[in-house]
Amino acid sequence: MTDRPPLPASCSVCLYYSARGACLRHAPSPGQDEFDIVHWPQVRPTDRCGVGAAITDGTGPGPVPCQGCFHWWQPGGQAVVPDYKKGLPDEWWEGAGLCTRFAPSPSTDEDRKVYWRVTNALDGCGDGAAVLGQ
């Protein structure tokens, strides 16, 4: 027996499906470029996966906002701001931090460098861990 809620019939009734049609189920993994901005994948409302969760009474799992997540980090308590802001407004960057949810995976590339990806405080995902008291 599992405590896992039933799978939803489709993405449209999954609690990780955003109003913008994105799947917020997973946190980003580290990438190879500094200041990579995260974009959650767009899915069709009629799609379905094996790790979704049906909408219930609100007591089960769900997306955790980045600003309240244990894994979200602003080095030195300051927003992450690159020299080139990739077309995003200053207001977006004022709420930028790094998602450190996943450690880098081993690779065959001996000198590979990785960087945690940038998310905004108002983003969120289903791999997050809420900071106690928030």
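Nothing here was measured: the structure is a model prediction, and the numbers come from that model.

Novice: What am I meant to see in the pattern of salt bridges here?
Specialist: A pair can form between side chains of opposite charge whenever their charged atoms are brought close. Tallying each qualifying case throughout the model produces four salt bridges. In this structure, D127 and R25 form a salt bridge, with 3.2 Å as the shortest nitrogen-oxygen distance. Of this pair, D127 sits in the segment after strand 5 (124–125) while R25 sits in the segment before strand 1 (64–65), and the two are 102 residues apart along the sequence. Exposure remark for R25: the relative accessible area of 16% places this residue in the buried category. Across the salt bridge formed by D36 and R117, the nearest N and O atoms sit 3.5 Å from each other. Separated by 81 residues along the polypeptide, D36 in the segment before strand 1 and R117 in strand 4 (residues 117–120) bring together distant segments of the chain. R117 gets classed as partly exposed once you look at its relative accessible area, which sits at 24%.

Novice: Is there a simple way to think about the layout of surface pockets in this case?
Specialist: Rolled over the atoms, a probe as big as a water molecule pinpoints where empty space is left. In this model, the largest pocket occupies a volume close to 290 Å³. Looking at the largest pocket, it is lined by 13 residues, and the ones nearest its centre are R20, V38, H39, W40 and D123. Partitioned by chemical class, the residues of the lining of the largest pocket number eight nonpolar, three polar and two charged.

Novice: Honestly, the sheet that holds strand 4 in this entry has me stumped. Any pointers?
Specialist: To summarise the sheet geometry, strands pair through backbone hydrogen bonds and adopt either a parallel or an antiparallel arrangement. The antiparallel open sheet is built from three strands, whose spatial order is 2-3-4. Strands with a single pairing partner mark the edges of an open sheet, and in this sheet they are strand 2 (72–73) and strand 4. Direction of pairing for strand 3 (residues 96–99) relative to strand 4: antiparallel, over a ladder of four bridges. Along strand 4, the bridge assignment pairs L98 with V118.

Novice: Looking at this structure, I do not really get empty space enclosed by the protein. What am I missing?
Specialist: Taken as a whole and judged by the stated rule, the model has one cavity of 30 Å³ or more. If you trace the largest cavity, you find 13 residues lining it, with A27, C66, C69, C99 and C125 closest to the centre. For the lining of the largest cavity, the class distribution of residues is nine nonpolar, four polar and no charged.

Calculation rules
Residues numbered from 1 in each chain as written. Predicted model: local features only at pLDDT ≥ 70, side-chain atom pairs only at ≥ 80, totals over all residues. Heavy atoms only, no water. Salt bridge = Lys/Arg side-chain N within 4 Å of Asp/Glu carboxyl O. Helix = DSSP H or I, 4+ residues; strand = E, 2+ residues; numbered from the N terminus. Buried < 20%, exposed > 50% of the residue type's maximum accessible area, 1.4 Å probe, protein only. 1 Å grid on protein atoms, 1.4 Å probe; cavity = no way out; pocket = protein on both sides within 12 Å on 5 of 7 lines; lining within 4 Å. Points joined across faces, edges and corners; volume = space filled by probe spheres on them. Nonpolar A, V, L, I, M, F, W, Y, C, P; charged D, E, K, R; others polar. Pairing = 2+ DSSP bridges.

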